[in-house]
Amino acid sequence: MLDFIVKRLLQVVLVVFLALTVVFFLIRLSGDPTTLFLPPDAPREQIEEYRELLGFNRPLYVQYGDFMFNAVQGDFGQSLRSGEDALSLVLQRMPATFQLAISALFLSIIIAIPLGVLSAYKRNTFFDKASVGITVIGQAIPNFWFGLILIYIFAAQLQLLPSSGGGSLSHLVLPVITLALYSVSRFVRFTRSAMLDVLSKDYIRTSRAAGAPTSRLIMKYALKNSLIPIITLVALDLGVLLGGAVITEAVFSWPGVGRLLHQSLMNRDFPIVLAGVFIIAIIYAVINFIADILYAYVNPQIRVK
Amino acid sequence: MSDILLEIKDLGIQFNTGKGPIQPIRGVSFSLKSGETLGVVGESGSGKSVTSLAVMGLLPEKKSKIVSGSIHFNDEDITKLSEKQYRKLRGNEMSMIFQEPMTSLNPVFTIGELLSEPLKQHKKMSKKERKEAIINVLKQVGIPRAEQIINEYPHQLSGGMRQRVMISLALLCEPKLLICDEPTTALDVTIQAQILELMKEIKAEKNMSLLFITHDLGVVAEMCDRVVVMYAGEIVEVAEINELFDQPLHPYTQGLIHSRPTNNSRKSALYSIKGQVPRPEEIGIGCTFANRCPHAFEKCLKETPPIFEKGDHLSKCWLQDSKRQAVMK
Ligand SMILES: Nc1ncnc2c1ncn2[C@@H]1O[C@H](COP(=O)(O)OP(=O)(O)OP(=O)(O)O)[C@@H](O)[C@H]1O
Ligand SMILES: [Mg+2]
């Protein structure tokens, strides 16, 4: 077990390092930010002075080394705009993003898993076909578009819910539904096929031969087996939700990391972007780590090894 | 109560496949007396498993249906039972041991959890009583460390041990009928012998009836009182065990007995029946075995033979027709 944890930790470090490296060079490709901060007709000397001040005149590899050296110590520099510490700016926005992603994930799970199970149980009936049809549509609808539709109906027309901002439960409703649409569809289809797969297994027939009623075969014997792949998918999707929140946050002006990153990218506020990538990469890795442990918990074959 | 426990009459089973319906079981009839061990032999694809699944009411629900005949268990036609009534029989009055011990136990439950299922369904027992019953039955089937095994998972056990677990699962409620679908084919020879020995002991002790499915005539000789020979979804011969080996009437049975590897098989090349079992969709008129039969004559290709009775010895072959026998003499 210790072996496993150490190995996973090394993987996490590697993943975070690679993510930072890739993003570092990618945003440099988009040009240096000084042009954006100074008026277009600023004299050359002033630009040079500014670049020197921020260290953008040094060779790229020196900048990279410098950045990594500081990053290892948790220092991502200050926001080029406000001068505040980049990492703490990102961290301040974390709770809002988590709130959104976790609520969406939770909503998806409680809707989708029962629906998927029921669909498998009633396979090829009208119910099953309808639910498969709806999920196909659910996966095809673009997130931002669905968000806008919701705003149009519930905020603009019916005036039931606020269209943007954060802070209260009613602010949460529309963004969560928007974000959950995709995962619900994915989970329903995935749960259905995982269940169907398990239900055709020899060991299910064994339990049936022992006298177990169908409801028990499904709720007890098949569901636990299906949970193995479902947990992996859910963990992956939490990552997707955290990342995918960027667009939803933008649509609903939700005060989370996604919106911060979006704005910072537009402003070429590099330290914030890098600090954000750092945090998201770490979260991603940690989630996967937890998923692996859960996975081992439901799958005894892995646990023993 | 009559002394016939299971009676199958004119059973026909249809499967719906992508290419349309097929009927892999046609007109199957046989009966099993209480306390008897009846062997069912036949090559792969002859319909042994499908027949036994039909008895257990475990045929794939949507894909297949019983299109003719009846299955009487304890004088009751079980093909007419509702799922709920059937459930009361399964694992209780009738149990089944499956072909594949490696895939037939749910990998995410402990042996103890799996074995408590039939007791939960059929017996009113406290948790403690259940545990005792489970440990007892595990000991009966020769599993050492039964107290620990109940907390282990299937993958921690060897194939032989898993099959013993399967047997104990089937035995927990002391069924009247035990169906064994090639319980030892997947095991190596020594383990196979142990398991067969065990089944014989248990059967003698509990006075169950056994429906023993196999393609191995050696196993049949060792285990069974009577034998049903199946070919391409039909029954071609039924006889008492010694009679079958001494005087097989159907050319297919003769071929099976002939192709059995014996101790001196090294001397001569192994005999085998030419050709293959026809697939259900290939079956036409005449005797299903005619195209592989060394004794086939015109009538075999044109007309399906009826069952000829010679006392208790039944065979479905035109050679047994008295007219044909007169001609031959
Ligand atoms: N699920 C199914 N769908 C379609 N056809 C099936 C199905 N199960 C069985 N069959 C048909 O029934 C026939 C008999 O199959 P069965 O499994 O009973 O053979 P068997 O005698 O048990 O063979 P084996 O010795 O290989 O176990 C097969 O040839 C196949 O065509
Ligand atoms: Mg079979």
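As the structure is a computational prediction, the values presented were derived from the model and not from experiment.

(A) Up close: the environment of Leu181(A). All names here are of chain A. The topology assignment puts Leu 181 in helix 8 (residues 169-199). Taking the C-alpha atoms as reference points, Leu 181 and Ser 207, 26 residues apart in sequence, are found 36 Å from one another. Every residue in contact with Leu 181, bar those within four places of it in the chain, is listed here: Gly 138, Ile 141 and Phe 146.

(B) Spatial organisation of the domain arrangement of chain B. Residues and elements named next belong to chain B. Domain boundaries in chain B define domain 1 (4-93 + 173-328) and domain 2 (105-172). Its C-alpha centre places domain 1 at a distance of 30 Å from the equivalent point of domain 2. Each partner contributes to the interface: domain 1 provides 19 residues, whereas domain 2 provides 14 residues. Taken together, the connections running from domain 1 to domain 2 amount to 0 salt bridges. If you look at where domain 1 meets domain 2, you find 7 residue pairs in polar contact (both at pLDDT 80 or more). Its residues assigned to classes, the side of domain 1 that touches domain 2 shows 11 nonpolar, 3 polar and 5 charged.

(C) Inspection of the packing of aromatic side chains at higher detail. Under the counting rule described, the total for this entry stands at 11 aromatic pairs over all chains. Note on Phe24(A) and Phe25(A): the rings are 5.3 Å apart at their centroids and 85 degrees apart in plane angle, and the pair reads as edge-to-face. By relative accessible area, Phe25(A) is classed as partly exposed at 32%. Taken together, a centroid distance of 5.0 Å and an interplanar angle of 80 degrees make the contact between Tyr231(B) and Phe289(B) edge-to-face. One end of the pair, Tyr231(B), is in strand 9 (residues 226-231); the other, Phe289(B), is in the loop between helix 10 (251-258) and helix 11 (298-302), with 58 residues separating them in the sequence. A single burial state applies to Tyr231(B) and to Phe289(B), both of which are buried. Above the ring of Trp318(B), the side-chain terminus of Lys299(B) is found at 4.2 Å from the ring centroid.

(D) Here's a closer look at the interface of chain B and chain A. Of the residues lining the interface, 32 residues belong to chain B; the matching set on chain A comes to 22 residues. Around 2500 Å² of area is buried between chain B and chain A when both sides are counted, 55% of it from carbon and sulfur atoms. Here chain B and chain A share 10 residue pairs in polar contact (both at pLDDT 80 or more) between them. Counting residues per element, the ones that place at least two in the side of chain B that touches chain A are helix 1 (48-56), helix 2 (83-89), helix 3 (111-122) and helix 6 (159-171) of chain B. With 7 residues, the top contributor of residues to the side of chain B that touches chain A is helix 3 of chain B. For the side of chain B that touches chain A, the per-class residue count stands at 14 nonpolar, 9 polar and 9 charged.

(E) Expanded view of the pattern of salt bridges. One pass over the structure, following the stated rule, counts 21 salt bridges over all chains. The residue Asp197(A) makes a salt bridge to Lys201(A) at a minimum N-O spacing of 3.5 Å. The structure contains a network of salt bridges with shared partners spanning Arg208(A), Glu83(B) and Arg90(B).

(F) Up close: the layout of surface pockets. Considering only enclosed or pocket space, the largest pocket measures out at about 770 Å³ in volume. Along the wall of the largest pocket there are 24 residues; nearest its centre are Arg123(A), Leu199(A), Arg208(A), Pro60(B) and Glu61(B). Contributing elements (two or more residues each) for the lining of the largest pocket: helix 5 (86-121), helix 8, helix 9 (202-209) and helix 10 (214-252) of chain A. It is helix 9 of chain A that contributes the most residues to the lining of the largest pocket, 4 residues altogether. Looking at side-chain class alone, the lining of the largest pocket contains 11 nonpolar, 4 polar and 9 charged residues.

(G) Geometry of a nonpolar patch on the surface. All names here are of chain A. A cluster of nonpolar side chains, Phe 144, Trp 145, Leu 148, Ile 149, Tyr 152, Ile 153, Leu 158, Leu 160 and Ile 247, forms an exposed patch at the surface whose accessible area comes to about 880 Å². Take the nonpolar patch: its biggest share by element is 6 residues, from helix 7 (residues 143-157). With respect to the element layout, Leu 158 can be found in the loop between helix 7 and helix 8. What makes Leu 158 partly exposed here is its relative accessible area of 49%.

Thresholds applied
Residues numbered from 1 in each chain as written. Chains lettered and ligands numbered in written order. Predicted model: local features only at pLDDT ≥ 70, side-chain atom pairs only at ≥ 80, totals over all residues. Heavy atoms only, no water. Helix = DSSP H or I, 4+ residues; strand = E, 2+ residues; numbered from the N terminus. Contact = heavy atoms within 4.5 Å. Domains from an automatic or database assignment. Salt bridge = Lys/Arg side-chain N within 4 Å of Asp/Glu carboxyl O. Polar contact = N/O pair within 3.5 Å; in protein donor to acceptor, adjacent residues only side chain to side chain. Nonpolar A, V, L, I, M, F, W, Y, C, P; charged D, E, K, R; others polar. Phe/Tyr/Trp six-rings, centres within 6.5 Å; stacked < 30°, edge-to-face > 60°. Buried < 20%, exposed > 50% of the residue type's maximum accessible area, 1.4 Å probe, protein only. Lys NZ or Arg CZ within 6 Å of the ring centre and 35° of its normal. Buried area = accessible area lost by both parts, 1.4 Å probe. 1 Å grid on protein atoms, 1.4 Å probe; cavity = no way out; pocket = protein on both sides within 12 Å on 5 of 7 lines; lining within 4 Å. Points joined across faces, edges and corners; volume = space filled by probe spheres on them. Patch = residues over 30% accessible without salt bridge, like charges linked within 9 Å, V, L, I, M, F, W, Y side chains within 5 Å. Areas by Shrake-Rupley, 256 points an atom, 1.4 Å probe, with all protein chains shown as cover.

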